[in-house]
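# A closer look at the structure
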Amino acid sequence: MSAGQDPEESGVISLLDDEYARAILVESSREPLSASALAERCDASEPTIYRRIEQLRDHDLVVEQQQLDPDGHHYKTYQTRVERVTVEIEDGEYSIDVSRREVDAADRFTRLFEGLTEP
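The structure contained in this document is the topic of the report that follows. (Residues numbered from 1 in each chain as written. Predicted model: local features only at pLDDT ≥ 70, side-chain atom pairs only at ≥ 80, totals over all residues. Heavy atoms only, no water.)

## Focus: the environment of alanine 39
This is how it is decided: Think of it this way: any DSSP run of H or I at least four residues long counts as a helix, any run of E at least two long counts as a strand, and we number them from the N terminus. Note on contacts: a residue pair qualifies if any of its non-hydrogen atoms lie within 4.5 Å across the two residues.
One can find alanine 39 in helix α3 (residues 35-42). Distance from alanine 39 to tyrosine 50, taken between C-alpha atoms, is 9.0 Å for residues 11 residues apart in sequence. Every residue in contact with alanine 39, bar those within four places of it in the chain, is listed here: Ala44, Ser45, Glu46 and Ile49.

See the structure below:
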């Protein structure tokens, strides 16, 4: 594959080049965080954080989870799915492999079930 041919790979490279996207991935790898907590930790505005989160979600690099406050309010947290990104360059072409981790029991169960039902 030649550089720039695959929009998915180009999108991942572009996101990894963005300082706020990288900061979100790093901060939310430690624990699930709300957008406001990410904005504080990443020294960015909430609108900037929400834009990057949407882009990261589009590429399945973060997962959104619904949380319930003790006072009954709901809020969303975000957690990194990226475990490893590998870029290979050979013979004038590159490829990207993104290893994703399972972040909740439902994901693990779904993957296990899909593995059992495949021929």
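## A look at a negative patch on the surface
As a reminder of what qualifies: The patch calculation keeps residues exceeding 30% relative accessible area without a salt bridge and links them within 9 Å when they carry like charges or within 5 Å when they are nonpolar (Val, Leu, Ile, Met, Phe, Trp, Tyr). Residue burial considers only the protein chains on display, and all accessible areas are found by Shrake-Rupley using a 1.4 Å probe. Take a side-chain nitrogen of Lys or Arg and a carboxyl oxygen of Asp or Glu: if they are within 4 Å of each other, that pair is a salt bridge. Residues scored as charged are limited to Lys and Arg (positive) and Asp and Glu (negative), so that His and the chain ends carry no count. In this description, the location of a charge corresponds to atom NZ of lysine, CZ of arginine, CG of aspartate or CD of glutamate. Here's how the labels work: a residue is buried when its accessible area is under 20% of the maximum for its type, exposed when over 50%, partly exposed in between, all with a 1.4 Å probe on protein chains only.
Together, Glu88, Glu90, Asp91, Glu93 and Asp97 give the surface a local cluster of negative charge. Elements that contribute at least two residues to the negative patch include exactly β3 (82-90) and β4 (93-100). Within the fold, glutamate 90 resides in strand β3. Accessibility expressed as a relative area gives 55% for glutamate 90, which makes it exposed.

## Here we look at the pairing of β3
Test applied: Paired strands are those between which DSSP finds at least two bridges.
Pairing analysis gives 8 bridges linking β3 to β4, with the strands arranged antiparallel. Opposite valine 87, over in β4, you have isoleucine 96 as the bridge partner. Following β3, the chain reverses through 2 residues before pairing antiparallel with β4; aspartate 91 in that reversal takes a positive phi of roughly 50°.

## A closer look at helix α4 (residues 46-58)
Cut-off, in case you're wondering: A helix's residues, less one, multiplied by 1.5 Å, set its expected span. As used here, the arc belongs to the directions running from the helix axis to the C-beta atoms.
Between its first and last C-alpha atoms α4 spans 18 Å; for 13 residues at 1.5 Å apiece the expected length is 18 Å, and the two agree. Within α4, burial applies to Thr48, Ile49, Arg52, Ile53 and Leu56. All buried residues of α4 project into a common sector of 130° when viewed along the axis, lining one side. Packing partners of the buried residues in α4 comprise α1 (7-17), α2 (19-30), α3, β1 (62-68) and β2 (74-80). One or two residues past the end of α4 sits aspartate 60, with phi positive at roughly 60°.

## Some thoughts on α2
Spelled out, the test is: N or O atoms closer than or at 3.5 Å make up a polar contact, with two conditions inside protein: a donor-capable atom paired with an acceptor-capable one, and, for residues adjacent in sequence, both atoms drawn from side chains.
With 12 residues, α2 extends 18 Å from end C-alpha to end C-alpha; this agrees with the ideal 16 Å at 1.5 Å per step. Looking only at α2, the buried set comprises Ala21, Ile24, Leu25, Glu27 and Ser28. In this fold, the buried residues of α2 make contact with α1, α3, α4, β1, β2 and β3. You can read the cap of α2 off the contacts: a side-chain oxygen lies 2.9 Å from the backbone nitrogen of tyrosine 20, and it is on aspartate 18.

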